[in-house]
Number of protein chains: 2
Amino acid sequence: MNRLISYSMNNNPIEHLIKRLAKLPGMGSRSARRVALHLLSDKDMNMDPLQSALQSARDKVEKCSTCHCLDVVNPCSICTHPEKDTTKICLLQSVGDVWAMERTGFYKGHYHVLGGVLSALDGVTPDKLSIGTLLSRLDGVDEIIMALGATVDGQATAYYVAEQIRKTHGDITISRLAYGVPIGGEVEYLDDSTLATAMKSRGAF
Amino acid sequence: MNRLISYSMNNNPIEHLIKRLAKLPGMGSRSARRVALHLLSDKDMNMDPLQSALQSARDKVEKCSTCHCLDVVNPCSICTHPEKDTTKICLLQSVGDVWAMERTGFYKGHYHVLGGVLSALDGVTPDKLSIGTLLSRLDGVDEIIMALGATVDGQATAYYVAEQIRKTHGDITISRLAYGVPIGGEVEYLDDSTLATAMKSRGAF
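Residues numbered from 1 in each chain as written. Chains lettered and ligands numbered in written order. Predicted model: local features only at pLDDT ≥ 70, side-chain atom pairs only at ≥ 80, totals over all residues. Heavy atoms only, no water.

Visitor: Please give an account of the relation of the copies chain A and chain B that cites residues and values.
Guide: In the superposition of chain A on chain B (RMSD 0.1 Å, axial shift 0.0 Å), the rotation amounts to 180 degrees. These values place the two chain copies in the arrangement generated by a two-fold rotation axis. Relative to the rotation axis, the C-alpha of Gln51 of chain A is the closest in chain A, positioned 3.5 Å from it. Same-surface contact between copies: 100% of interface residues of chain A are shared with the interface of chain B. (Least-squares fit on C-alpha atoms with pLDDT ≥ 70 in both. Contact = heavy atoms within 4.5 Å.)

Visitor: Any chance you could break down the pairing of strand β6 (residues 173-176) of chain A for me, citing the residues and the numbers?
Guide: Residue and element names in this part refer to chain A. Where strand β5 (residues 143-146) lies against β6, four bridges are found, and the strand directions are parallel. Bridging across to β6, Ile144 finds its partner in Ile174. After leaving β5, the chain enters helix α6 (residues 152-168) and then returns to the sheet as β6, a path that is right-handed. (Pairing = 2+ DSSP bridges. Helix = DSSP H or I, 4+ residues; strand = E, 2+ residues; numbered from the N terminus. Right-handed = clockwise from strand over helix to strand, strands pointing away.)

Visitor: Summarise unusual backbone geometry; cite the residues concerned and give the values.
Guide: All names here are of chain A. Here the bond from Asn74 into Pro75 is cis, since omega is 5 degrees, no more than 30 degrees from zero. We note that His68 has phi near 70 degrees; this positive angle belongs to a residue other than glycine. Its place among the elements puts His68 in the loop between β1 (62-63) and β2 (70-71).

Visitor: Give a description of the interface of chain A and chain B that names residues and reports values.
Guide: The interface is formed by 58 residues belonging to chain A together with 58 residues belonging to chain B. In total, chain A and chain B occlude about 5,300 Å² of area from one another, counting both sides; carbon and sulfur atoms represent 68% of this. The tally of links between chain A and chain B comes to four salt bridges. Put simply, Asp44 of chain B and Arg58 of chain A hold a salt bridge, and the shortest N to O gap is 3.2 Å. Here chain A is connected to chain B by ten residue pairs in polar contact (both at pLDDT 80 or more). At the level of elements, α1 (13-22), α2 (29-41), α3 (43-60), β2 and α4 (95-104) of chain A are the ones that each hand at least two residues to the side of chain A that touches chain B. (Buried area = accessible area lost by both parts, 1.4 Å probe. Salt bridge = Lys/Arg side-chain N within 4 Å of Asp/Glu carboxyl O. Polar contact = N/O pair within 3.5 Å; in protein donor to acceptor, adjacent residues only side chain to side chain.)

Visitor: Describe the domain arrangement of chain A, and please don't skip the residues or the numbers.
Guide: Domain assignment breaks chain A into domain 1 (6-60) and domain 2 (83-176). Between the C-alpha centres of domain 1 of chain A and domain 2 of chain A the distance comes to 36 Å. (Domains from an automatic or database assignment.)

Visitor: Which residues make up the sheet that holds strand β4 (residues 109-113) of chain B, and what values do they have?
Guide: Residue and element names in this part refer to chain B. Across the sheet, which stays open at both edges, the four strands sit in the order β4-β3-β5-β6 with parallel pairing between neighbours. Either end of the sheet is taken by a strand with one partner, and the two such strands are β4 and β6 (173-176). Along the sheet, successive strands turn relative to each other by an average axial angle of 25 degrees, direction set aside. Along the sheet, helix α4 (residues 95-104) contacts β3 (85-92) and β4; its crossing angle with β4, the most-contacted strand, is approximately 160 degrees. (Axes fitted to C-alpha atoms, helices over the stretch in contact; angles between N-to-C directions.)

Visitor: How would you explain the environment of Gly109 of chain A if you had to name every residue and give the values?
Guide: All names here are of chain A. With respect to the helices and strands, Gly109 occurs in strand β4 (residues 109-113). As for Gly109 and Glu143, which are separated by 34 residues in sequence, their C-alpha atoms are 9.7 Å apart. For Gly109, the contacting residues outside a window of four places in its chain are Lys84, Asp85 and Lys88.

Visitor: Could you give an account of the sheet that holds strand β3 (residues 85-92) of chain A, with specific residues and numbers?
Guide: All names here are of chain A. An order of β4-β3-β5-β6 is seen for the four strands of this open sheet, with the pairing classed as parallel. Two strands close off the open sheet at either side, each with one partner strand: β4 and β6. Each adjacent strand pair in this sheet contributes to an overall mean axis angle of 25 degrees, direction not counted. In the packing of α4 onto the sheet, contacts are made with β3 and β4, and the angle to β4 comes to roughly 160 degrees.

Structure below.
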């Protein structure tokens, strides 16, 4: 036992908590240390409410078996909402994308969360995505809106999914989000491919 | 019930978790949403280990009644360590400062965590800091090292504590950390007061 203090030991709960926090997205070991201190400095005020929020989310939140979104009910409240247009499905990569889309308040149709995009490098094959459940809910659907990221992988995935849809439901309209200049974007600072796409897809003024 | 989805409801556990996470230091609502999604996307892999780390830290970590540091034992392993020099106490603002000081491996004495600095604006009065316990452990101590921040509040606090110490233990040496150029610091980018202090405290080359 050469170590001066027990903090440095691996089985120390403080050290263990810091390591766990550091695994969260966007956290490094410095910020994890800060958060751990914050939590431990006042257990009643800081630690307990977080723990009960985690426990309640853990117990109550589940994946919707239809659209793979997260909610406290299954099927989720979007899938069962009476005002949602059942003839439209917007295909998105993650639940966060659904939240972002819902925040706009613009789209009134249904969603389908794919759970990722195809990627040979990361070993994401079609069977790891929720393509099967998408294909099984296409009856009565008029339009699929591909809202996957405008990346190589996102577009390859959209292409693959579109192909699968056309095999069984050739009459469904498959659309995609418009590409172009982001609102608030300065032309000078746009990347070349966005600018080229925006020029190619230019519309009437 | 005008809302389209249950996410937006205040009593929704997802929303509640996001709000709780957003209260952690260094987190905003965007990063809290990302963390919540990460946790909920794979409860077994992401949520459960974090919860057990939190629970274990909650149960086992406590404040040392001597130095107010956090540890799994009380008195803490620094206070009871046989190789620590009992004649020196380094006064620090927070537990994070103790960890930082211990990481340097340079200092071999004891610590005392003050729990903050005096601040009229934030309502931090002397009785909210652990000044009393510091004064009660001064017998046999030769040196107090003031390692509070080089801010106005930090220095005012150090001055106040030094005054209290001198009242009962006039023979204790009270020192402070050296001020000057941080290692790796470029003179050009130093703030004026650091540069002035470094010039004033210059030493032999």
